Amino acid sequence: MSGRPILPMSYAASRAWLIKWDRFVIPMPFSRIAIAIGPPCYVPRVSDAASLEKLQGKMEEELRRLFAVAREALQRRR
């Protein structure tokens, strides 16, 4: 409702702890990290449930794509 864009971001770490119950990843000290940032996504101020669901799906796809980009960038540095 604020009109501010959502900025999709993802990262990959060379070594990390995985919290199993929510799949949260915490990079270990001194690990390498690659960050990928996508283009801003603007949400219309007035949206119905169907359009929000479609936007949610697009955002999920974008986050998966950004994670792949970050992981690939990290592997290229090896």
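Residues numbered from 1 in each chain as written. Predicted model: local features only at pLDDT ≥ 70, side-chain atom pairs only at ≥ 80, totals over all residues. Heavy atoms only, no water.

Caption draft 1: Main features of the pairing of strand β2 (residues 16-19). Relative to strand β3 (residues 24-27), β2 is paired through four bridges, and the arrangement is antiparallel. When the sheet's bridge partners are listed, Ile19 is paired in β3 with Phe24. Following β2, the chain reverses through four residues before pairing antiparallel with β3; Arg23 in that reversal takes a positive phi of roughly 60°. (Pairing = 2+ DSSP bridges. Helix = DSSP H or I, 4+ residues; strand = E, 2+ residues; numbered from the N terminus.)

Caption draft 2: A nonpolar patch on the surface, seen in detail. On the surface, Leu7, Met9, Tyr11, Leu18, Val25, Ile33, Ile35 and Ile37 cluster together into a nonpolar patch covering about 730 Å² of accessible area. Counting residues per element, the nonpolar patch draws most heavily on strand β4 (residues 33-37), at three residues. Along the chain, Met9 turns up in strand β1 (residues 9-13). A relative accessible area of 47% places Met9 in the partly exposed class. (Patch = residues over 30% accessible without salt bridge, like charges linked within 9 Å, V, L, I, M, F, W, Y side chains within 5 Å. Areas by Shrake-Rupley, 256 points an atom, 1.4 Å probe, with all protein chains shown as cover. Salt bridge = Lys/Arg side-chain N within 4 Å of Asp/Glu carboxyl O. Buried < 20%, exposed > 50% of the residue type's maximum accessible area, 1.4 Å probe, protein only.)

Caption draft 3: Representation of the pattern of salt bridges. Within the structure shown, the criterion is met by two salt bridges. For the salt bridge of Arg64 with Glu60, the shortest nitrogen-to-oxygen distance reads 2.9 Å. Here Arg64 pairs with Glu60, and both are found in helix α1 (residues 49-76), just four residues apart, close to one helical turn. Using a relative accessible area of 41% as the deciding quantity, one classes Glu60 as partly exposed. As a salt-bridge pair, Glu62 and Arg65 come within 2.8 Å of each other at their nearest N and O atoms. One end of the pair, Glu62, and the other, Arg65, are both in helix α1, three residues apart, so they sit about a helical turn from each other.

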